[in-house]
Amino acid sequence: IEATPQTLSVSGAIAADVPEGAKVHYREYGGGKFRRGLKFPGTIDTESVAADYTNGVLTVTLPKTNATRTVKVSLNGSEPNAIADEAN
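This section reports on the structure supplied with the text. Positions within a chain are numbered from 1, following the residues in the order the chain's sequence is written. Thresholds applied to this predicted model are a pLDDT of at least 70 for local features of residues and 80 or more for the giving and counting of side-chain atom pairs; totals over whole chains, interfaces and linings are not thresholded and use all residues. Note that the side-chain values use all heavy atoms of the structure and ignore hydrogens as well as water.

**Quick look at the pattern of salt bridges**
And then number 1: Basic side-chain nitrogens of Lys or Arg form a salt bridge, by our definition, when they fall within 4 Å of a carboxyl oxygen of Asp or Glu. Taken as a whole and assessed by the stated rule, the structure comprises 1 salt bridge.
And then number 2: For glutamate 2, the salt bridge goes to arginine 35, with nearest N and O atoms at 3.5 Å. Residue glutamate 2 is found in strand S1 (residues 2–4), and its partner arginine 35 is found in strand S3 (residues 32–39); the two are separated by 33 residues along the sequence.
And then number 3: By relative accessible area, which is 47% here, arginine 35 ends up partly exposed. Numbered from the N terminus, helices here are DSSP runs of H or I no shorter than four residues, and strands are runs of E no shorter than two. Classification of residues uses two cut-offs on accessible area relative to the type maximum, computed with a 1.4 Å probe and protein chains only: under 20% is buried, over 50% is exposed, and between them is partly exposed.

Listed below in structure tokens is the structure:
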């Protein structure tokens, strides 16, 4: 797994071998290497990315950085209520 501030890439390999005595009726993917990539509109905190593979399920946690979170900013100036009055 590779993470940059705006992308996540997952790569690996799938074994093509079939266990002895097994019969395959349908196989969606053959064996071989794969790579998938995702792009995100925000920024990922690459230092805090975590991944877990349990019971065949890959879980990837991608926390946002503070730069992409909404921040409430106070309005300073001589007439802070003028903008609210104009909106009404």
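So that's the structure; there's more coming.
**Quick notes on the pairing of strand S5 (residues 57–61)**
And then number 1: Of the pairings in the sheet, the one linking strand S4 (residues 50–54) to S5 comprises 5 bridges and is antiparallel in character. Bridging from a neighbouring strand, threonine 54 pairs with valine 57 of S5.
And then number 2: Being paired, for any two strands, means DSSP has found at least two bridges between them. Here S4 folds back onto S5, and the loop between the two strands holds 2 residues, one of which, asparagine 55, carries a positive phi near 55 degrees.

**Quick notes on the sheet that holds strand S2 (residues 7–14)**
And then number 1: Here 3 strands make up an open sheet; going across it, the order is S1-S2-S3 and the pairing antiparallel. Only two strands of the sheet have a single partner each, and these edge strands are S1 and S3. Neighbour-to-neighbour, the strand axes of this sheet turn through a mean angle of 10 degrees, independent of strand direction.
And then number 2: Of the pairings in the sheet, the one linking S2 to S3 comprises 8 bridges and is antiparallel in character. Note on S3: the bridge partner recorded for glycine 12 is phenylalanine 34. Note on geometry: axes are lines fitted to C-alpha atoms, helical ones only across the stretch in contact, with angles between N-to-C directions running from 0 to 180 degrees.

**Observations concerning the side chain of threonine 65**
And then number 1: The residue threonine 65 is located in the loop between S5 and helix H1 (82–87) in this model.
And then number 2: With relative accessibility at 16%, the residue threonine 65 sits in the buried group.
And then number 3: Contact definition: two residues touch when any of their heavy atoms are within 4.5 Å. Not counting chain neighbours up to four residues away, the residues in contact with threonine 65 comprise Thr43, Ile44 and Asp45.

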